[in-house]
Amino acid sequence: MARTRISNIARTFKPNTASLGYALFLAINAAGVWGGVFPFLPMNFQTPEVMFWFFLMQSLVFSLCYFASAVGVYYFPGPTRRFMVMLASAPYLLGWCCLIGAIYLRGIAQPLVIAGGSLLGLGSAGFYMLWQRLFASFDADHGNHDLILGTAYGALLYFALYAIPQAVTAFLIPLVFMPLFALAIVLKSRQIDLRQPMFEDVPREHPQVYRRVLRDYWRSALCVGAIAFCTGVMRSLAIGDPRVGSLVNLLSMTGCLVAGVGVLVLWQFKNVRMNVTNAYRIAFPLLITSFLVLPFFSGGYARWQAAILYAVYSVAIALMMIQCAQASRDRGINPVFIYGFFAGIVYALHDVGFLAGTFAEQIRVIGMQPDAVVALVAVYLLGLMFFIGQGGFKRALATSQAEDIELVAGAPLQIGDINERQTDLDEAETENETLPAANAGCIGSGTCPFGAQGPSPFETKPIIIARAESGGRATAGEPASPLGNETVPTNTAKPAKRIQTHDANAPSYQDRLSKQAALVRQHYRLSARETEVMELIARGNTVARIAEQLVVSENTIRTHSKRIYAKLDIHKKQELVDLLETFDPKELKD
């Protein structure tokens, strides 16, 4: 058994063309982009001015390419099926040539650096989208395995580059290494099955699918983007110290190696589930704390902070690619679209962090060091992004929670009316327990109007509207079917039109009983908890069952029922059931 497991693990780490090609691309790209500096270029060339202009242009073009690709795929899906490596390799090659030229032509070094940064940003984005397209075209096991394995081998190849003399590496990258990983992706791209739905998809024929994808994935993109923002801030601080780049690159690649090997080994023994949003929620306190203490430590802390953040960022980029590939397979959408949208947000926030850190360093606040200003700006923007990621003002104002304070409009009931109100709940307890749960509230009637409406009432949690002033009136014009679970539209000749114009923010109901309960709530001024108790009573639950489900005492449920009966001016459970069955929504207009 142990020998079999070892054999399986060994096969897991066996490289192939796709994983090795991607690994070589990551190793070279790390040398030119990830670390904030170029560890394989002369130190006297890496001045703060050269570094600032290169990374500014490279970052801006890099993020804009993703947004442009997402928009282009949406409106012109055909060209993405004929994506050619030359569109990525040509600018990538020219970008490195500009950098090499800037080393020897100091008189025009700045224009060459700006051109080199722009071209490398364009080429890097093109290659990333080609690799993403390739991995998404494989089945989930094959694609995820090659991506993770390539990430781990990329670290090893990066470490191997240090064995090559520095003066030679700058020439080997555009002349030898780039043609090798370009050749790898050419060979593997020929194996892509273009008959898959994700490649035959025409986005404009069903825009609702793409809108749903954007709604589902923007929070994950914002979470990875927040980490990218932090790395952008640290990159701005590292420009003045080129030595930071080597440490950053080494730790980021070490993080990729450890994460890749760990996931691949763990994958052999159990299923692996990862959630980007939940992982960020765990990491958020650590992020803001790391910036909060930045002004209190020496420069050595900033270097290690930058290195650790880039290690986390490198792993997050790999998770981003896995999640985008999964979305393409599951929903049949073009892989370049979802990756362009996701990565565009991430790298745009990286640019924001880079610019914010650069300008914060230039601000001179009385009594504050530049590092303190940078930390203050970073913590503020991180908190703002976390607030937006949690739903912002829209969610804060629209969501109903158990701890909400509720003030119901209208004239209040007299205390005497409630205390003197008699209910039949306690008297009917014994009889109800002998009846089917769903029919227990229908005492004295041959059939129960809500008797066949779903699962056991003990397992059913009533669904009521959170904002009664908008939800009920939106459905007030729809008469209800006497015994059915669904409402009957007033105009049955055009059902498709009604579906298309349905408000996505409109309340949803479990069944007709939940909808009737919401309408009764509006008319009789019931609170949210009273409506919940009323619906559970109408479904035939006993006092004990309701108390157990809502985690309150039985006396509390009895008090709620007295208030409900007083507001509805009824005395028996059957009267409540009849009211909910016959209540006419048109009464809301009175």
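Here goes a summary of the coordinates provided. (Residues numbered from 1 in each chain as written. Predicted model: local features only at pLDDT ≥ 70, side-chain atom pairs only at ≥ 80, totals over all residues. Heavy atoms only, no water.)

1. Regarding the packing of helix H22 (residues 528-538) against helix H23 (residues 543-550)
How two helices pack is summed up by the angle between their axes together with the distance between the axes.
For step 1, the next point in the chain: Running from amino to carboxyl end, H22 crosses H23 at an angle of 135°, the nearest separation of the two axes being 10 Å. Between H22 and H23, the angle falls in the class oblique. Seen along the crossing, H22 lies across H23 with a hand that is right-handed. In this structure, H22 uses Arg 529, Glu 532, Val 533, Leu 536 and Ile 537 to contact H23, whose residues at the interface are Ile 546, Gln 549 and Leu 550.
For step 2, the next point in the chain: Counted by class, the contact of H22 with H23 contains five nonpolar, one polar and two charged residues. (Axes fitted to C-alpha atoms, helices over the stretch in contact; angles between N-to-C directions. Helix = DSSP H or I, 4+ residues; strand = E, 2+ residues; numbered from the N terminus. Parallel < 35°, antiparallel > 145°, perpendicular 65-115°, else oblique. Left-handed = near helix turned anticlockwise from the far one by under 90°. Contact = heavy atoms within 4.5 Å. Nonpolar A, V, L, I, M, F, W, Y, C, P; charged D, E, K, R; others polar.)

2. Description of the state of the cysteines
For step 1, the next point in the chain: According to the stated counting rule, one finds zero disulfides in the structure shown.
For step 2, the next point in the chain: No disulfide involves Cys 98; its sulfur sits 7.1 Å from the nearest other cysteine sulfur, which is in Cys 97. (Disulfide = S-S within 2.5 Å.)

3. Structural notes on helix H12 (residues 276-292)
For step 1, the next point in the chain: Spanning 17 residues, H12 covers 24 Å between terminal C-alpha atoms, matching the ideal 24 Å at 1.5 Å per step.
For step 2, the next point in the chain: Of all bends in H12, the biggest is about 40°, found at Ala 283, and the proline Pro 285 comes one to four residues later.
For step 3, the next point in the chain: Near the N-terminus of H12, the side chain that reaches the backbone nitrogen of Thr 277, with its oxygen 3.1 Å away, is that of Asn 275. (Expected span 1.5 Å × (residues − 1). Bend = angle between axes of the 7 residues up to and from the residue. Polar contact = N/O pair within 3.5 Å; in protein donor to acceptor, adjacent residues only side chain to side chain.)

4. Thoughts on unusual backbone geometry
For step 1, the next point in the chain: Positive phi outside glycine occurs at Val 551, with the angle close to 55°.
For step 2, the next point in the chain: Of note in the backbone geometry, Asp 569 takes a positive phi value of approximately 55° without being a glycine.
For step 3, the next point in the chain: Note that Asp 569 resides in the loop between helix H24 (554-568) and helix H25 (573-582).

5. Comments concerning the packing of H23 against H24
For step 1, the next point in the chain: Direction vectors running N to C along H23 and H24 enclose 110°, while the axes themselves pass 8 Å from each other. Compared by their axis directions, H23 and H24 come out roughly perpendicular. Contacts from Val 543, Ala 544, Ile 546, Ala 547 and Leu 550 of H23 reach H24 at Glu 554, Ile 557 and Arg 558.
For step 2, the next point in the chain: The class makeup of the residues in the contact of H23 with H24 is six nonpolar, no polar and two charged.

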